[in-house]
Amino acid sequence: MFNANGTESAFAEQSVYASRVASKVNDYYGYKPKACVVTFGCQQNVSDSEKLKGMLVSMGYSLTEIWEQADFIIFNTCAVRGHAEDRVYGNIGKVKALKKNKPNLISAVCGCMAQQETVAEKIKKSYPYIDIVFGTQVFHRLPEFIYKRMNGSKRIFERTLDNKDIVEDIPVSRDGEFKGWLPIMYGCNNFCTYCIVPYVRGRERSREPQKIIDEAKQMIADGYKDITLLGQNVNSYGKDAEHGINFAKLLRMLNDLDGDFVIRFMTSHPKDCTIELLDTIKECKKISRHLHLPFQSGSSRILKLMNRYYDREKYLELIKNVKERIPDVSLTSDIIVGFPGETYEDFKETLSLVKEVEFSSLFTFIYSPRNNTPAALMADPVSREEKGKWFDELLKLQEEIAEKNKEKYIGKTFRVLCDGKSDNDGFLTGHTNGTVSVEFKADESILGKFVDVKINSYENAYIGTLIKN
Ligand code: SAH
Ligand code: SF4
Ligand code: F3S
């Protein structure tokens, strides 16, 4: 199925299945059918879902977000925390009623949950109305799965994780008009002890630089102005290849493309964030002044148990370097509260780090044990209730910092991409090169353009006035 360097033949084979489905899909349903893609989890999943949608459109489906209208429904799932999984089970349970009303409905579950054997088994036994279950590395085979199921195949279960090449040239139907995702690599090699991602997404695989450049050029030509590069750890881009182009070099190549656009990226693992990368951000105008640098815990003892390859001091040194080189940087982070064995003393170190760095915003999570990860076997004596109190303390601190941060922006003028309509009548929304979002009154004709907006106040969101476009 794969040729020498893998990628070309893989989707070609699926294109054949897609055409076959397209030629019979209207007869199968008796009308032009609709497909609904329900997405959970991170941007990687959102990006994969855009490809699922692209493939579905190529098979003759039109897209809907209304479940009851769907003739094909697929759940693209996330396994990162228990809560994410519970939500998915609640949702796929609803397919039973949908199928009663529409016996021809085809249903599928894919993504990170479906990659796990225990989950696939559970769906096999307890959710008999789910027709197709498939994992993260075979999602390009959707046309084949639909074709086979339409032609009377038994329920389909496929979870091959072979860590081979990346399948290129999958059709894509992007959700946004001006903002788009651009995956540059897949998988993760880091094995943080709490995390399931390496088990469900496989090892790191970087896309060829030329493929990324070509896709970026196409996106720019299609009117995309805000492009986010995706990877579990973009800082290790290219380490698995021989072309010698690392992440900093890739950013420079993208920055050199013609056009007016912003390049964002996530996520940056602190252990691989180099001075070369910081200098690149500083020197390249089209690269966003935003770094998402998850530190997870402020305690060096806990960081060691987490297998993060940096300690508190190294992280703070990195932040110092970032702020020196990019003074207008916007910093965000992820934090886990209540890792097994974490004491209140350890947690206080997380609080003090948050105070010291003053992040623009934080994504905070209470530790959730994940099957087969090393941390799930560690003693975890602190109660959920206690962890909840710590969590609230952290939120309160971040709210105080956010309140203080607001003063930094009020009265200042920013260049923003005008990217949508606000719920506030007559107002549009705009985003800075960093992480600030602002609402302002303007004519819809400036949607998709970069404009200057002065921030005047904060009322649940920053409110500003259009200076010039
Ligand atoms: N690759 C990215 C993030 C992947 S998951 C990175 O390394 O930063 C996003 C976030 O979910 C993580 O940064 C972590 O804070 C959180 N997370 C992952 N596993 C978790 C778990 N078992 N319990 C709670 N939070 C978790
Ligand atoms: Fe998970 Fe760590 Fe990989 Fe991020 S770097 S995906 S937290 S194992
Ligand atoms: Fe979830 Fe998979 Fe992303 S586990 S966070 S959807 S990589």
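Source: prediction; values computed, not measured.

Analysis parameters
- Here the residue numbering is sequential within each chain, running from 1 through the sequence in written order.
- Here the convention is simple: chains get letters from A, ligands get numbers from 1, in the order in which they are written.
- Since the coordinates come from a predicted model, pLDDT governs what is reported: local features require at least 70, and pairs of side-chain atoms require 80 or more to be given and counted, while whole-chain, interface and lining totals use all residues.
- Side-chain calculation: all heavy atoms of the structure are included, whereas hydrogens and water are not.
- For the purposes of this entry, the term helix denotes a DSSP run of H or I that reaches at least four residues, the term strand denotes a run of E that reaches at least two, and both are numbered from the N terminus.
- When checking whether two residues touch, look at their non-hydrogen atoms; a contact exists if any pair is within 4.5 Å.
- Whether a residue is near a molecule or strand depends on its heavy atoms: if one lies within 4 Å, it is near.
- Any pair of N or O atoms that falls within 3.5 Å is considered a polar contact. Within protein, one atom must be able to donate a hydrogen and the other to accept it, and sequence-neighbouring residues count only if both atoms are side-chain atoms.
- Using a 1.4 Å probe, the Shrake-Rupley method yields the accessible areas, and only the shown protein chains count as cover for residues.
- The criterion is simple. A nonpolar core is a set of buried Ala, Val, Leu, Ile, Met, Phe, Trp, Tyr and Cys residues joined through side-chain atoms within 4.5 Å.
- Any residue under 20% of the maximum accessible area for its type is buried, any over 50% is exposed, and the rest in between are partly exposed; the area is computed with a 1.4 Å probe on protein chains only.
- The split into domains, and so the bounds of each, comes from an automatic or database assignment of domains.
- A carboxyl oxygen of Asp or Glu within 4 Å of a side-chain nitrogen of Lys or Arg is what we treat as a salt bridge.
- A quick way to say it: buried area is the sum, across both parts, of accessible area lost when two parts are put together, with a 1.4 Å probe.
- Residue classes follow a fixed rule: Ala, Val, Leu, Ile, Met, Phe, Trp, Tyr, Cys and Pro count as nonpolar, while Asp, Glu, Lys and Arg count as charged, and any other residue, Gly among them, counts as polar.
- Points on a 1 Å grid over protein atoms alone make up a cavity when a 1.4 Å probe fits among them but cannot get out, and a pocket when they form an open set with protein on both sides within 12 Å along at least five of seven lines; lining residues each have an atom within 4 Å of a point.
- Grid points are joined across faces, edges and corners, and a volume is the space filled by probe spheres set on the points.
- Working definition: rings of Phe, Tyr and Trp (its six-membered ring) pair if their centres are within 6.5 Å, and the pair is stacked with planes under 30 degrees apart, edge-to-face with planes over 60 apart, and tilted otherwise.
- Only Lys NZ and Arg CZ are tested; either one counts as a charge over a ring when it is within 6 Å of the ring centre and within 35 degrees of the ring normal.

**Student:** Sorry if this is basic, but what is going on with the environment of Tyr 28 here?
**Tutor:** Within the secondary structure layout, Tyr 28 lies in helix α1 (residues 7–29). Considered as a pair, Tyr 28 and Gly 338 are 310 residues apart in the sequence and their alpha carbons are 52 Å apart. Setting aside chain neighbours within four positions, we find Tyr 28 in contact with Asn 104, Ile 106 and Met 150.

**Student:** Hey, could you run me through the site of ligand 1 in this one?
**Tutor:** In the neighbourhood of ligand 1, 15 residues make up the surrounding shell, with Arg 81, Gln 232, Gln 296, Asp 334 and Ser 368 lying closest. A distance of 2.8 Å is found between a nitrogen atom of ligand 1 and a side-chain nitrogen or oxygen belonging to Gln 232. Residue Gln 296 places a side-chain N or O atom 2.7 Å away from an oxygen atom belonging to ligand 1. Coverage of ligand 1 by the protein amounts to 90% of the 530 Å² it exposes when considered alone.

**Student:** How should I be thinking about the nonpolar core in this particular structure?
**Tutor:** Note on soluble globular proteins: their nonpolar side chains tend to be buried together. Judged by nonpolar contacts, the single largest core of 67 residues is most densely connected at Ile 184, Tyr 194, Leu 229, Phe 247, Phe 265, Leu 293 and Leu 331. A domain split of this core shows at least three residues from each of domain 2 (176–288) and domain 3 (291–405). Apart from residues no more than four positions distant in its own chain, Phe 247 is found in contact with Ile 184, Leu 229, Val 234, Asn 235, Tyr 237, Phe 265 and Leu 277. Ranked by size, the runner-up nonpolar core spans 29 residues in total, among them Val 38, Val 95, Val 119 and Ala 120.

**Student:** How should the pattern of salt bridges be read in this particular structure?
**Tutor:** Where charged atoms of side chains with opposite charge meet at close range, the side chains can pair. In total, this model carries 30 salt bridges according to the counting rule given. Arg 207 is the salt-bridge partner of Glu 215, the closest N and O atoms lying 2.8 Å from each other. By the burial criterion, Glu 215 is buried, and Arg 207 matches it. Through salt bridges with shared partners, a single ionic network connects Arg 141, Glu 144, Lys 148 and Glu 158.

**Student:** Where do I start with unusual backbone geometry in this structure?
**Tutor:** Backbone geometry follows two general trends: most residues other than glycine have a negative phi, and most peptide bonds adopt the trans configuration. Cis geometry is found at the peptide bond from Met 266 to Thr 267, where omega equals 5°. Residue placement: Thr 267 occurs in the loop between β11 (262–266) and α10 (275–283). Positive phi outside glycine occurs at Gln 296, with the angle close to 70°. Among the secondary structure elements, Gln 296 is positioned in the loop between β12 (290–292) and α11 (300–306). The backbone of Asn 372 sits at a positive phi, close to 65°, despite the residue not being glycine.

**Student:** Would you explain the domain arrangement of the protein chain in this entry?
**Tutor:** Interface extent is often summarised as the accessible area lost during association of the parts. For the protein chain, the assigned domains read domain 1 (12–158), domain 2 (176–288), domain 3 (291–405) and domain 4 (409–467). The centre of domain 1, based on its C-alpha atoms, is set 28 Å off from the matching centre of domain 2. Here domain 1 and domain 2 share an interface that buries about 1,300 Å² over both sides, 55% of which is from carbon and sulfur atoms. On the domain 1 side of the contact with domain 2, Gln 43, Gln 44 and Gln 137 bury the most area, a combined 39% of that side's loss. In this structure, the connection of domain 1 to domain 2 is made through one salt bridge. The closest approach of N and O atoms between Arg 201 and Asp 48, which form a salt bridge, is 3.1 Å. On inspection of domain 1 and its partner domain 2, the count reaches four residue pairs in polar contact (both at pLDDT 80 or more). Taken together, the residues of the side of domain 1 that touches domain 2 break down into five nonpolar, eight polar and three charged.

**Student:** For this particular structure, what's the right way to read the layout of surface pockets?
**Tutor:** One way to see where empty space is left: roll a probe the size of a water molecule over the atoms. By volume, the second largest pocket is sized at about 690 Å³. Lining the second largest pocket we find 29 residues, and of these Arg 289, Asp 328, Val 329, Phe 414 and Gly 434 sit closest to its centre. Within the residue set of the lining of the second largest pocket, elements represented by two or more residues are β13 (330–337), α14 (384–409) and β15 (413–421). At three residues, α14 tops the list of elements feeding residues into the lining of the second largest pocket. Of the residues that constitute the lining of the second largest pocket, the class distribution is 11 nonpolar, eight polar and 10 charged.

**Student:** Whenever I open this one, empty space enclosed by the protein confuses me. Can you help?
**Tutor:** Under the definition given, this model contains two cavities of 30 Å³ or more. Here the largest cavity is characterised by a volume of approximately 40 Å³. Forming the boundary of the largest cavity are Asp 48, Leu 52, Asn 76, Cys 110, Gly 111, Gly 135, Thr 136, Phe 139 and Arg 201. For the lining of the largest cavity, the secondary-structure elements that each account for two or more residues are α2 (43–58) and β4 (106–111). Here the residues of the lining of the largest cavity sort into three nonpolar, four polar and two charged. The computed volume of the second largest cavity comes to approximately 30 Å³. Around the second largest cavity, the lining residues are Gln 44, Met 185, Tyr 186, Gly 187, Arg 201, Gly 231 and Gln 232. Taken together, the residues that form the lining of the second largest cavity break down as two nonpolar, four polar and one charged.

**Student:** Looking at this structure, I do not really get the packing of aromatic side chains. What am I missing?
**Tutor:** Aromatic rings in a pair are described by how distant their centres are and how their planes are angled relative to each other. Within the structure shown, the criterion is met by 22 aromatic pairs. Taking the centre distance of 5.4 Å and the plane angle of 45° together, the rings of Phe 295 and Tyr 315 count as tilted. Separated by 20 residues along the polypeptide, Phe 295 in the loop between β12 and α11 and Tyr 315 in helix α12 (residues 312–325) bring together distant segments of the chain. Assessed through its relative accessible area of 0%, Phe 295 is described here as buried. A centroid spacing of 4.9 Å and a plane angle of 75° characterise the contact between Tyr 458 and Tyr 462, whose relative ring orientation is edge-to-face. Among the aromatic side chains, those forming a connected cluster through ring pairs are Tyr 28, Tyr 29, Tyr 31, Tyr 61 and Phe 72. Taking the ring centre of Tyr 89 as reference, the NZ or CZ of Lys 122 above it sits at 3.9 Å.

**Student:** Looking at this structure, I do not really get the side chain of His 292. What am I missing?
**Tutor:** Residue placement: His 292 occurs in strand β12. Side-chain polar atoms of His 292 contact the side chain of Thr 332, separated by 2.8 Å. Apart from the residues lying within four places of it in its own chain, the contact partners of His 292 are Met 266, Thr 267, Ser 268, Thr 332, Ser 333, Asp 334 and Phe 363.

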